[in-house]
Every structure is written in C-alpha cells, then in structure tokens.
Amino acid sequence: MDKLSVEHLTGIEHLTKNDIDLIFKTADAFKEVINRPIKKVPSLRDITIANLFFENSTRTRLSFELAEKRMSADVVNFSAASSSVKKGETLIDTVNNILSMKVDMVVMRHPNPGAAKFLSERIDAKVINAGDGTHEHPTQALLDAYSIREQLGEVKGKKVVIVGDILHSRVALSNIYCLQKLGAEVMVCGPTTLIPKYISGLGIKVEHNLKKALEWCDVANMLRIQLERQDMKYFPSLREYSMQYGLTKKILDTLSKKIIVMHPGPINRGVEITSDVADSDQAIILQQVENGVAIRMAVIYLLASQIKRQ
Amino acid sequence: MERQVILNSEHFELTIKRLCYQLIENHNDFSNTVLIGLQPRGINVLTRIKEHLESILGKEVLCGDLDITFFRDDFRRREIPLIPSATNIDFVIENKNVVIIDDVLYTGRTIRSGLDALLAFGRPDQVELLVMIDRRFQRDLPIQADYIGKMVDTLISERVSVEWKEIEGEDKVVLFTPETNG
C-alpha cells in the first residue's frame, strides 16, 4: 500500500519497512525538486505548520522550515527561550493555544523523552518528532539511512557502526531501529560508561575498540559527546576520549577498505572527528544535510496527505 | 465493463506518424523545440513519437519526462497519497518551444498542473499540447490540444485507455463502457 501505516511520526520504532521505503521513494522526487531552478511546489499551500522547539536547534529547525516552505506551507515558529513556557505554562496549554490558531501539523523538539507521543495522543493535529530528549530523532535516522542508500545503492546487508555517546543520543536509538528494519547490521562503539546496559537487547554488536569497529564496518556514524546531557563524569577528559575514540585521517588510512564517514552535526572538530576527516571525500556530512530537507519534505507530504478537507 | 476498440494497431501506427508530420510542419528541424512527456502514461506517447521523429529527421530530438504530482489540485482529496514518478529534464527550457505530450486529454486538470510544473524549469517561448486521445466536451478547464490523435465523445461513466505493445501487448485504444441492466 502506498500509504503510511502511522498517523504521526513520533519515532522509527513504530514504522514498518514499507513506510521507510515509501518515504525514501517520495524523498527521491523531492530531491529532484530542490535542485530545480525554482525550488518550490504548491502541494501544501493550504496547510499551516507550527515548529515548536523547546530545546535549541539550528540544523533541524532550518531544515524543517525550509522543507515546509519549499512545499508552500504556512509556517509559524516558536522557541521556548522567548515564550510563555518560561512563565509556567504547561506543554498542552502552549500547544492548544497554538492549535486554536488553526494549525494542521506540529513539528516538535522537546527535552523530555516521549513528549511527541504524549502530544500526539492529546491534540487534533499531525505531530512530527524533531527529537525528544534522549529517546528518538526519527527524521535524522531516515536521512542517515537515505544517505547510505544513496552512496552504497542499498542499506540491506551493509555494516554500520555508530561511535560515541550512545547513552545520551536520540540519533543512535533511531538509527538502530531504522537500519535494522532495512536489513543492515549495526554495531555501537564507545567507552563502557557511554553504552547503555540494555543495548544488547536490541540485537546489535558492541565494540569498545575503535580500530576493530572501523575494520568491521562499511559506514561509520560519528556522534558528538553530549556534555549538556551528562549529569556526571563518564570519562576522565575530552582529550582522553578523543585519543581513544576520535576519528583521524591516520586511522582511516590504515584500514583495509575505504569506509564512508557520517556525522549528524554539530561537529566538535578535534574531539570525535578531526578536520581532515570531516573535510575529506570520505565524509558525506554535507550530503546528509541536503538529504535532510528532501526527507523532511517527504515525511510532511505523506502525513499532510492524510489531512482531509471538507 | 464493455470493451470497444476505437483505434486498432494499424490505425494507431498511422496516427502516430501523422502526429509526427504535423509536428515537423510547425517545428521544422526541431533545433529550438523540446518534447516533454507527462508522467506516467504520457511517456509512452513521447517515446513512440521520438522514435518516429528521429527516423524521419535523421537527428536526435531533445526530450524530457515531467512529473506533475506536487502541482496537482486533488492533493488530500484521495484515500491514498499521490506518489510521484521521476522527472528527467536535463536541459534548459528557457526560450525554447515546448510540446507537452500526454495520452488522454479529459478534464484538463492534468495539463494545468503540467503547465505549472513546467514553468518551474524556466520561461519557454511557446508551449503546445499533443495528445493521443481528446475526450472532448468533458473539460473542467479551458484547455485545448494543438495536436490530436483522435477525438472521442464519451460519457463521464466511460473510460478510455491507450494501450501499448511494450506494456499491454498490443497498440490500441479501448473505450470501456459500464454495462447497463436491460
């Protein structure tokens, strides 16, 4: 069926493989659109979308806003820093106020895990999760898998290692779900303190030696150390982390094959990845950003097609 | 549904050839003309026209495929979302004569979307429309074709299908009429 099985995008966990394939197929067409001389199509001209960001974001927020505007939707932006949330308003009250202004879809980033699902069960608008705490970041995982498919032809059978702060990363969890649904083999790599205990229950490999992990994989997805979410010290120093788990050109050159390097951003140059790797032809970081717009257009388009007008 | 062949393979071939010569009358050697087929079924007409034109002219004719999904006016009026096909236009249409090609002209809504989609690629000099079948008297919008394979008078309950030997096994045009009771 050429239809999403879900009514909201709260996480990859609830998507089927068919859903992901449908999103990719639709994103292919949008990728062509955003490379046209006139990059705008009128599909969503009577849809209003609210971007609610209760947490800081640059890339994701810009990417969503651009995706919405490329499809001619009306867009309202909200950020917690400049809102009544600071005055003690609850999430539901904030959102209901915005919805009274006739908004059809909400794109939300929130520091609490499960916030998007909570919202989707209580409001009469489509909800897209743009990151909920350390839980999921579905559109990032979709664009990562889409970028792998673009580079390697398909995701099935490919070996992907996710390196870094797995414990605090919503990107890691969404990526694991997404890659597994598409038939890839997944490994996580990082210091013991930054790998959650339950992770083996997800059916993935765990490796603590970066060199071994890189020898195994076709794609390495390097994650940032999320210092803002760390409530205690998980490793002695950033310098020590970088020496053990930082990806350098020197390590890449010793590998027996050429692997693809990904990063969801923002990059901390010199910590998880050195500049010569981030700027090398093996890194597809900027392609990921471009694909992000196409993927978000596809997700919004497919969910918006479920909104019926009388 | 009752089936009635309204154009058999012999006449089908003649019709395609006639359309090619009509195009040549207006566009000479096609030095400033491009043909754009509308996805999905207009591409079949385009492929056949291109094949004949190139054999008559002895040179390549510039062709592209255009998908109109994101420009349609019936988005969110269907149960299943409209899933796009590929667009392949790897040339500039600025100041070119463009001939839009589709299989059946019915309400005119597809062509309206096609015109909007086309203008996202630039400002052509002139745009014309070629269709294999014109279901006249059924238009929702004031749109007419410049080159017509065959005109047919149909009821709204009827359906016209242009079939191709590469896909359905035989070149023909079929009119489907709902069976009436008595």
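Because the structure is a prediction, the values reported are computed rather than measured. (Residues numbered from 1 in each chain as written. Chains lettered and ligands numbered in written order. Predicted model: local features only at pLDDT ≥ 70, side-chain atom pairs only at ≥ 80, totals over all residues.)

**Notes on the interface of chain B and chain A**
Facing 13 residues of chain B, the contacting portion of chain A comprises 19 residues. Along the lines of polarity and charge, the residues of the side of chain B that touches chain A split into nine nonpolar, two polar and two charged. (Contact = placed C-beta atoms within 7 Å. Nonpolar A, V, L, I, M, F, W, Y, C, P; charged D, E, K, R; others polar.)

**Section: the packing of helix H1 (residues 9-27) of chain B against helix H2 (residues 42-57) of chain B**
Residue and element names in this part refer to chain B. Running from N to C, H1 and H2 cross one another at 60°; their axes reach a closest spacing of 9 Å. One way to sum up the angle between H1 and H2 is to call them oblique. Note on packing geometry: the crossing formed by H1 with H2 is right-handed. When H1 is examined against H2, the residues Ile16, Lys17, Leu19, Cys20, Leu23 and Ile24 are found in contact with a partner set consisting of Arg48, Ile49, His52, Leu53 and Ile56. The class makeup of the residues in the contact of H1 with H2 is eight nonpolar, one polar and two charged. (Axes fitted to C-alpha atoms, helices over the stretch in contact; angles between N-to-C directions. Helix = DSSP H or I, 4+ residues; strand = E, 2+ residues; numbered from the N terminus. Parallel < 35°, antiparallel > 145°, perpendicular 65-115°, else oblique. Left-handed = near helix turned anticlockwise from the far one by under 90°.)

**Overview of the packing of helix H1 (residues 17-33) of chain A against helix H5 (residues 138-152) of chain A**
Geometry of a packed helix pair, given as the angle between the helix axes and the separation of the axes. Residue and element names in this part refer to chain A. Contact pair H1 / H5: the axes reach a minimum separation of 11 Å and the direction vectors enclose 70°. Put simply, H1 runs roughly perpendicular to H5. Regarding H1 and H5, the two cross each other, and that crossing is right-handed. On H5, the residues that touch Ile20, Ile23, Phe24 and Ala27 of H1 are Leu142, Tyr146 and Arg149. Among the residues making up the contact of H1 with H5, the classes are represented as six nonpolar, no polar and one charged.

**A short note on the sheet that holds strand S5 (residues 126-136) of chain B**
Residue and element names in this part refer to chain B. Spatial ordering of the open sheet is given by S3-S2-S4-S5-S6, a layout of five strands whose pairing is parallel. Only two strands of the sheet have a single partner each, and these edge strands are strand S3 (63-66) and strand S6 (147-153). The sheet shows a mean angle of 25° between the axes of neighbouring strands, taken without regard to direction. Contacts from H2 reach strand S2 (33-38), S3, strand S4 (97-105) and S5, with the element oriented near 125° to S4. In the packing of helix H3 (residues 109-119) onto the sheet, the strands contacted are S2, S3, S4 and S5, and the crossing angle to S4 comes to about 155°. (Pairing = 2+ DSSP bridges.)

**A few points about the nonpolar core**
Within soluble globular proteins, side chains that are nonpolar tend to cluster in buried spots. Of all hydrophobic cores here, the largest spans 133 residues; its most connected members are Met105, Val106, Ala220 and Ala298 of chain A together with Ile101 of chain B. Top contributing element to this core by residue count: helix H11 (residues 285-304) of chain A, with 11 residues. Residue assignment places this core across two domains, with domain 1 (12-137 + 290-304) and domain 2 (138-289) of chain A each supplying three or more. Dropping the residues within four chain positions of it, Ala298 of chain A is found in contact with Ile23, Thr26, Ala27 and Phe30 of chain A. (Core = buried A, V, L, I, M, F, W, Y, C linked by C-beta atoms within 7 Å. Buried ≥ 20, exposed ≤ 12 C-beta atoms within 10 Å, placed from the backbone. Domains from an automatic or database assignment.)

**Remarks on the environment of Pro142 of chain B**
Counting through the fold element by element, Pro142 of chain B comes out in the loop between S5 and S6. The sequence separation of Pro142 of chain B and Ser113 of chain B amounts to 29 residues, and the corresponding C-alpha distance is 13 Å.

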